[in-house]
Amino acid sequence: MKITPNGAAGGEVTGSCYLIETDQARVVVDCGMFQGSRGADDLNRRPPIDDVNAIDAVVITHAHLDHTGRIPVLVKAGYEGPIFATSATLDLMMIILEDSARIQVSDNERTNRKRRRAGEDPLEPLYDEDDVTPVRGLTREIRVGSPIDVAPGIVAKFFEAGHMLGSTSIEFTITENGKTKTVVFSGDLGPADRPVLKDFAHVPNADLVFMESTYGDRNHRPYEKTVEEFEAIVRKVHAAKGKILVPTFAVGRSQ
Ligand SMILES: [Zn+2]
């Protein structure tokens, strides 16, 4: 068995994508977009996996763009296999990818205006809405807690990750040459004790764990401190008879 990180590693925190290879199967876990870094555009344009026709399945932990944003790139390159995730993840993923396609097109128009002024050839957008439409036909809904064969010798079982609607950690039971190993991908986890989301489940055992750690060694302040700050703003604005605008621009943030 060989597992290769193809993003969210080596200095990048976005672009989560792993390739699991055995002598009988190849499975991609998440296929996220690189976001924010200077080289992100070039990284996104590179096909996440060289030979998409050799991939048996794509399995998704949750819908956020940094875990799903390069799926249309795979499909555009010819991938026609299944994409497994919870029904909520698949529904949200389609909305996020359609939105991403519109952003790709408008960003690309801006880039091309600059390129034209510099006398350079125009670029194609990474993908557009027509590239996203066929993704829906490949989606396969799974149930949390029910093991499912995703490829020869590879069984996936999904656990609640408490991160956003539909989010999961995934345990893979991988059999190769008569030996079986358990490999867990945490996906993004938590935060715990939130009013809308369930808390993340504990995966009982693993031979190997791939742990997402977006914030590295940074500690967040306690949730109560955030509530205190929010209350203070409401009191101040109320006293001043003002108005409060609450921007909820990112999926999951509005919770
Ligand atoms: Zn996330």
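One can find the structure itself at the top, above this paragraph.
We now turn to the structure provided with this report. (Residues numbered from 1 in each chain as written. Predicted model: local features only at pLDDT ≥ 70, side-chain atom pairs only at ≥ 80, totals over all residues. Heavy atoms only, no water.)

Remarks on the sheet that holds strand β5 (residues 83-86)
So, step 1. Taken in spatial order, the six strands make up an open sheet running β1-β2-β3-β4-β5-β6, and their pairing is mixed. Each edge of the open sheet carries a strand with a single partner, namely β1 (2-5) and β6 (139-142). Strand-to-strand twist across the sheet, computed as the mean angle between neighbouring axes with direction ignored, equals 25°.
So, step 2. When strand β3 (residues 26-31) meets strand β4 (residues 57-59), the two strands line up parallel, connected through three bridges. Looking at β4, one finds that V27 is bridged to A57.
So, step 3. Strands β5 and β6 of the sheet are contacted by helix α4 (residues 87-117), whose axis makes an angle of about 110° with β5. (Pairing = 2+ DSSP bridges. Helix = DSSP H or I, 4+ residues; strand = E, 2+ residues; numbered from the N terminus. Axes fitted to C-alpha atoms, helices over the stretch in contact; angles between N-to-C directions. Contact = heavy atoms within 4.5 Å.)

Section: the coordination of the zinc ion
Where a metal carries four tetrahedral donors, each ideal angle is 109.5 degrees; where it carries six octahedral donors, the ideal angles are 90 or 180 degrees.
So, step 1. In the first shell of the zinc ion, the protein supplies H62 (NE2), H64 (ND1), H163 (NE2) and D188 (OD), at 2.2 to 2.3 Å from the metal.
So, step 2. Considering all four donor atoms around the zinc ion, the spread of angles at the metal, 91 to 166°, places the coordination shape in the irregular class.
So, step 3. Spacing between the donor residues of the zinc ion along their common chain follows H-x1-H-x98-H-x24-D.
So, step 4. A relative accessible area of 0% means that H62 is categorised as buried.
So, step 5. Residue classification places H64 among the buried positions, given a relative accessible area of 13%. (Donors = N, O, S within 2.8 Å, 3.2 Å for Na, K, Ca; no water. Tetrahedral: all angles 85-135°; square planar, octahedral: opposite > 155°, others 65-115°. Buried < 20%, exposed > 50% of the residue type's maximum accessible area, 1.4 Å probe, protein only.)

So, the packing of aromatic side chains
So, step 1. Applying the stated criterion across every chain yields a total of four aromatic pairs.
So, step 2. Centre to centre, the rings of F172 and F185 are 5.7 Å apart; their planes meet at 85°, and the pair counts as edge-to-face. Taken together, the residues F172 in strand β9 (residues 168-176) and F185 in strand β10 (residues 179-185) connect sequence positions 13 residues apart. Each member of the pair, F172 together with F185, is buried.
So, step 3. Through a chain of ring-to-ring contacts, the aromatic side chains of Y18, F172, F185 and F210 assemble into a single cluster. (Phe/Tyr/Trp six-rings, centres within 6.5 Å; stacked < 30°, edge-to-face > 60°.)

What to know about helix α5 (residues 129-136)
So, step 1. Every buried residue of α5 is listed here: D131, V132 and V135. Along the long axis of α5, the arc covered by the buried residues comes to 95°, so they all point the same way. Pointing more than 90 degrees away from the buried face of α5 are the exposed residues D130 and T133.
So, step 2. In this fold, the buried residues of α5 make contact with α3 (71-76), β5, α4 and β6.
So, step 3. With a side-chain oxygen positioned 3.1 Å from the backbone nitrogen of D130, the residue opening α5 is D128. (Arc of directions from axis to C-beta. Polar contact = N/O pair within 3.5 Å; in protein donor to acceptor, adjacent residues only side chain to side chain.)

Side note on the nonpolar core
What tends to happen in soluble globular proteins is that the nonpolar side chains get buried as a cluster.
So, step 1. Of all hydrophobic cores here, the largest spans 32 residues; its most connected members are I83 and M93.
So, step 2. For this core, the elements supplying multiple residues, two or more each, are β2 (17-21), β3, α3, β5, α4 and α5.
So, step 3. Here this core takes seven residues from α4, the largest share from any one element.
So, step 4. When residues no more than four places from it in sequence are discounted, the contact partners of M93 are A63, T68, I71, I83, V135 and T139.
So, step 5. A25, V59, A151 and A156 belong to the second largest nonpolar core, which has 21 residues in total. (Core = buried A, V, L, I, M, F, W, Y, C linked by side-chain atoms within 4.5 Å.)

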